[in-house]
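Chain by chain, the residues run as shown.
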Amino acid sequence: MQTNLPTCNNGPVPSTKDMVQTLLAQFAPFLKGHPDHLKAIKSVTDFILITSYHSHPKTTLKDLQDALSGISSKIHLFLTYRNRHSMSEIPEIDSLLHHIECIREMGSHDNSDTEISEAAHETLLKDGYHYSQLVSNIPQMLQWETHPFDIKSRVRVRRHIFNTYSL
Amino acid sequence: MRLWKLANCPNFANAHAGCNIYSHMNVDWLHQLLKGSFKDHTWEWIVSFLKDIDGQEKGLDLIDEQFSMILWFSNIRQFADKLTHM
């Protein structure tokens, strides 16, 4: 039985985390004369990679705090590339402040793996929308989602009946 | 420490009838971290900074060339195609 759910491997498209892993080494030759920019990039990549650890002792939390202070002290170097020359009103950057507190109270961020929702978004939403009639599409998309699971459960029930009652 | 600050605006789900929005857990923290703060903001800033240093087109070509030269190693991905054109 073939379902349309994809497997959650890295896939053909390079994920952002792969870019983050090698980012500092790739940009180091270009930014030889700009050590402060390099430090800003280093603190951003450090923060992203350390938050995805599966467990957090005090040392990694301290590293996170160091990375956060590095970001906040060096982020003004990129002010010229913002629209209104201000670093306020970026909700994504603002949410960095709450990561350490969240890890202390709720534990590490495992189970917040992003690839499951990304892969599910591909099939369950995009393909469902593609196969619908584009008019009142939401019920059709919901029906399209449950269809492979219905078939799978029916096949399982019939196989069970066949195995137990056949001679 | 606090260089950035959110604008003082009310939450849009503040008076939701079905649930208390403040008791919910945030899903996809890491997605917001990678796609939001890194890909949408930091990556754009770095690329535009390199464009300022090396010129408009040459900066992008340098990035593509550098990312295509990653050596084979376990757990490190190679970017054979042009990264900035994706």
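Residues numbered from 1 in each chain as written. Chains lettered and ligands numbered in written order. Predicted model: local features only at pLDDT ≥ 70, side-chain atom pairs only at ≥ 80, totals over all residues.

A.B. asks: Could you give me a rundown of the overall build of chain A, with the residues and numbers involved?
C.D. replies: Looking only at helices and strands, chain A has seven helices and zero strands in total. Starting at the N terminus and walking to the C terminus, you meet the elements of chain A as α-α-α-α-α-α-α. Looking at chain A residue by residue over its 167 residues, the buried ones come to 13%. Pairs at least 24 residues apart make up 58% of the contacts formed inside chain A by residues separated by at least 6 positions. (Helix = DSSP H or I, 4+ residues; strand = E, 2+ residues; numbered from the N terminus. Buried ≥ 20, exposed ≤ 12 C-beta atoms within 10 Å, placed from the backbone. Contact = placed C-beta atoms within 7 Å.)

A.B. asks: A description of the overall build of chain B should follow, citing residues and the corresponding values.
C.D. replies: Check the secondary structure of chain B and you find two helices and zero strands. The proportion of buried residues among the 86 residues of chain B is 16%.

A.B. asks: Outline the packing of helix 3 (residues 58-74) of chain A against helix 5 (residues 99-106) of chain A, supporting the account with residue identities and numerical values.
C.D. replies: Residue and element names in this part refer to chain A. At their nearest, the axes of helix 3 and helix 5 sit 10 Å apart, and the two run at 165 degrees to each other. Considering their axes alone, helix 3 and helix 5 lie roughly antiparallel with respect to each other. Between helix 3 and helix 5 the crossing geometry is left-handed. In contact with Leu61, Leu64 and Gln65 of helix 3, helix 5 contributes His99, Ile100 and Ile103. (Axes fitted to C-alpha atoms, helices over the stretch in contact; angles between N-to-C directions. Parallel < 35°, antiparallel > 145°, perpendicular 65-115°, else oblique. Left-handed = near helix turned anticlockwise from the far one by under 90°.)

A.B. asks: So what's going on with the interface of chain B and chain A? Which residues, and what values?
C.D. replies: The interface is formed by 35 residues belonging to chain B together with 36 residues belonging to chain A. Those elements that place two or more of their residues in the side of chain B that touches chain A are helix 1 (29-54) and helix 2 (56-68) of chain B. In terms of residue count, the dominant contributor to the side of chain B that touches chain A is helix 1 of chain B (20 residues). Classifying every residue of the side of chain B that touches chain A gives 20 nonpolar, eight polar and seven charged. (Nonpolar A, V, L, I, M, F, W, Y, C, P; charged D, E, K, R; others polar.)

A.B. asks: So what's going on with helix 1 of chain B? Residues and values would help.
C.D. replies: Residue and element names in this part refer to chain B. The first and last C-alpha atoms of helix 1 sit 35 Å apart over 26 residues, in line with the 38 Å expected at 1.5 Å per residue. At phenylalanine 38, helix 1 shows its largest kink, close to 40 degrees. Looking at helix 1, one finds that the buried residues are Trp29, Leu33, Leu34, Ser37, Phe38, Thr42, Trp45, Ile46 and Phe49. (Expected span 1.5 Å × (residues − 1). Bend = angle between axes of the 7 residues up to and from the residue.)

A.B. asks: Outline the environment of aspartate 36 of chain A, listing residues and values.
C.D. replies: All names here are of chain A. Topologically, aspartate 36 is positioned in helix 2 (residues 35-51). A C-alpha to C-alpha distance of 9.6 Å links aspartate 36 and isoleucine 75, two positions 39 residues apart in sequence. Those residues in contact with aspartate 36 that lie beyond four places of it in its chain are Lys74 and Leu77.

A.B. asks: Residues and numbers for unusual backbone geometry, please.
C.D. replies: Residues and elements named next belong to chain A. One non-glycine residue with positive phi stands out, namely leucine 134, at about 70 degrees. Position of leucine 134 relative to the elements: it lies in the loop between helix 6 (114-131) and helix 7 (137-165). Given 9 C-beta atoms within a 10 Å radius, leucine 134 is considered exposed. The phi dihedral of serine 136 falls on the positive side, at around 50 degrees, and the residue is not glycine. Looking at the element boundaries, serine 136 is found in the loop between helix 6 and helix 7.

A.B. asks: Can you break down helix 2 of chain A residue by residue, with the values?
C.D. replies: In this model, helix 2 of chain A (17 residues) spans 24 Å end to end at C-alpha, consistent with the 24 Å of a helix rising 1.5 Å per residue. Turning to helix 2 of chain A, its buried residues number three or more, namely His37, Ala40, Ile41, Ser43, Val44, Thr45, Phe47, Ile48 and Thr51 of chain A.

A.B. asks: So what's going on with the confidence of the model for chain B? Residues and values would help.
C.D. replies: Mean pLDDT over chain B works out to 77, with 79% of the residues at or above the 70 mark. As a predicted assembly, this complex carries a pTM of 0.68 together with an ipTM value of 0.73. (pLDDT = per-residue confidence, 0-100.)

A.B. asks: Explain the nonpolar core to me, using residue names and the numbers behind them.
C.D. replies: Note on soluble globular proteins: their nonpolar side chains tend to be buried together. Judged by nonpolar contacts, the single largest core of 21 residues is most densely connected at Ile41, Val44, Phe47, Ile48 and Ile71 of chain A together with Phe38 of chain B. Counting residues per element, this core draws most heavily on helix 1 of chain B, at seven residues. Once residues within four sequence positions are removed from consideration, isoleucine 41 of chain A is found in contact with Leu23, Leu24 and Phe27 of chain A together with Ile46 of chain B. (Core = buried A, V, L, I, M, F, W, Y, C linked by C-beta atoms within 7 Å.)

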